[in-house]
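Structural overview
Each chain, written out:
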Amino acid sequence: MKIVAIANQKGGVGKTTTAVNLGCALAERGQRILIVDLDPQANATSALGLQELEAESLYEPLLGGGSITEKIIPTRIDRLFFVPADLDLAGAEVEIARMPDHLTRLARALSVLRSDKTFDFVLLDCPPSLGILMTNALAAADEILTPIQCEYFALEGLVKIVRVVEQVRDSGANDRIEIGGIVMTMFDSRTNLSAQVVAEVRKHFGKRVYQTVIPRTVRLSEAPSFGKSILEYDSRGAGAYSYRKLAREFIQRHGLPATPPVESHKPVSEIP
């Protein structure tokens, strides 16, 4: 089992969109996936239509009051499981900060999943901040997947992520953490800026940057309001095609056996 933190301290770059849709696309290709919503705003929870659940977050397991296995719920999507979030997680930030092992609370909570090997991947949807919950995610994860919006300040955000990774390593909380991949999101083929940003990020970070680029589409923005992934909401669109393509590349990067192809419908113009 691998734990992947989907993290960027900047908001609005597509973290939750990537966590939900990549998770669904990986499950579609036969992987057993657990998505953990670590953001008190609970956007991933509502994106899958699970916002009505109460007291099902990681609040208690993080404080030592229960097991994460009690919080895992199945979804309507085969092989996709979920741990919701709620506003209690905001309070957990304060309480965890007072504990001597405040950096490793999440790693301890997730350790039971490593031992029983129920899942192939655990995707941690991190909050858009450098607080306790995000640092806990980095201390628990094997790697980071960083979504970066195709805009001018993309590299600045990446530099901050690199520094945080170095700090987590230096603290001794997790010496194996690394940036496993960078996903360029909200690509607008109508502008030169998007292409320039992608080229610049690839120049600096090389093979860490996924070849798959996620487009800016209205359908991707609409899907969460219906409590659906893009694969359910607009299965034939550019967004669904791109996340299925990203899932295939993700599987290849992790050296997993080839999985049977899933029917996907290529849009008229392929994303570069």
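Look a little higher up for the structure.
The sections below set out a description of the structure shown in this document. (Residues numbered from 1 in each chain as written. Predicted model: local features only at pLDDT ≥ 70, side-chain atom pairs only at ≥ 80, totals over all residues. Heavy atoms only, no water.)

**A look at empty space enclosed by the protein**
Here is the rule: Here a cavity means grid points, on a 1 Å grid over the protein atoms only, where a 1.4 Å probe fits yet cannot get out; a pocket means an open set of points with protein on both sides within 12 Å along at least five of seven lines; lining residues are those with an atom within 4 Å of a point. Grid points are joined across faces, edges and corners, and a volume is the space filled by probe spheres set on the points. Counting from the N terminus, the helices are the DSSP runs of H or I reaching at least four residues and the strands are the DSSP runs of E reaching at least two. As a working rule, the residues Ala, Val, Leu, Ile, Met, Phe, Trp, Tyr, Cys and Pro are called nonpolar, Asp, Glu, Lys and Arg charged, and the rest polar, with Gly in that last group.
In total, this model carries one cavity of 30 Å³ or more according to the counting rule given. In terms of lining, the largest cavity is formed by Asn8, Lys10, Val13, Ile148, Gln149, Glu151, Phe153, Ala154 and Gly157. For the lining of the largest cavity, the secondary structure elements donating two or more residues are β6 (143-149) and α7 (154-171). Partitioning the lining of the largest cavity into residue classes produces four nonpolar, three polar and two charged.

**Examining the packing of aromatic side chains**
Threshold: A pair of Phe, Tyr and Trp rings is counted when the ring centres sit within 6.5 Å of each other, with Trp represented by its six-membered ring. The angle between the planes then sorts it: under 30 degrees is stacked, over 60 is edge-to-face, the rest tilted. Charge-over-ring placement is defined geometrically: NZ (Lys) or CZ (Arg) within 6 Å of the ring centre, and within 35 degrees of the ring normal.
A full pass over the atoms with the stated rule returns three aromatic pairs. A ring pair is formed by Phe81 and Phe119, whose centres lie 5.6 Å apart and whose planes are at 65°; its orientation type is edge-to-face. Taken together, the residues span a long stretch of sequence, with Phe81 in strand β4 (residues 80-83) and Phe119 in the loop between α5 (105-116) and β5 (121-125) at a distance of 38 residues. On the basis of an interplanar angle of 25° and a centroid distance of 5.0 Å, the ring pair of Phe226 and Tyr233 is categorised as stacked. For the cation-ring pair, Arg253 lies above Tyr210, with the distance from its terminal atom to the ring centre recorded as 3.8 Å.

**Some points on the sheet that holds β4**
Keep this limit in mind: By definition, two strands form a pair when at least two bridges between them are found by DSSP. Any two residues whose heavy atoms approach within 4.5 Å are treated as being in contact. Every axis corresponds to a line fitted to the C-alpha atoms, with the helix fit spanning only the stretch in contact, and the corresponding angles, defined between N-to-C directions, vary from 0 to 180 degrees.
Here eight strands make up an open sheet; going across it, the order is β3-β4-β2-β5-β1-β6-β7-β8 and the pairing mixed. A single partner strand is all that each edge strand has here, and the edge strands are β3 (73-74) and β8 (209-215). As paired elements, strand β7 (residues 179-187) and β8 share three bridges and run parallel to each other. Each residue of the ladder has a partner; that of Phe187, found in β8, is Pro215. Against the sheet, helix α8 (residues 192-205) engages β6, β7 and β8, with an angle of about 170° to β7.

**Some thoughts on the pairing of β8**
Using the following cut-off: Only protein chains enter the accessibility calculation, which uses a 1.4 Å probe; a residue whose area is less than 20% of its type maximum is buried, one above 50% is exposed, and one in between is partly exposed. With the strands pointing away from the viewer, any crossover whose connection runs clockwise from the first strand over the helix to the second is right-handed.
For β8, the tally of buried residues reaches six of seven residues, placing the bulk of the element in the interior. Taken together, β7, α8 and β8 constitute a β-α-β crossover, and its handedness is right-handed.

**What about the pattern of salt bridges?**
Oppositely charged side chains can form a pair if their charged atoms are brought close together. To be explicit about the condition: Here, a salt bridge means any side-chain nitrogen of Lys or Arg that lies within 4 Å of a carboxyl oxygen of Asp or Glu.
Counted according to the given criterion, the structure contains 13 salt bridges. Asp142 serves as the salt-bridge partner of Arg114, at 3.2 Å between the closest nitrogen and oxygen. You can see Arg114 sitting in helix α5 and its partner Asp142 sitting in the loop between α6 (132-140) and β6, a full 28 residues away along the chain. Given the relative accessible area of 13%, Asp142 is considered buried.

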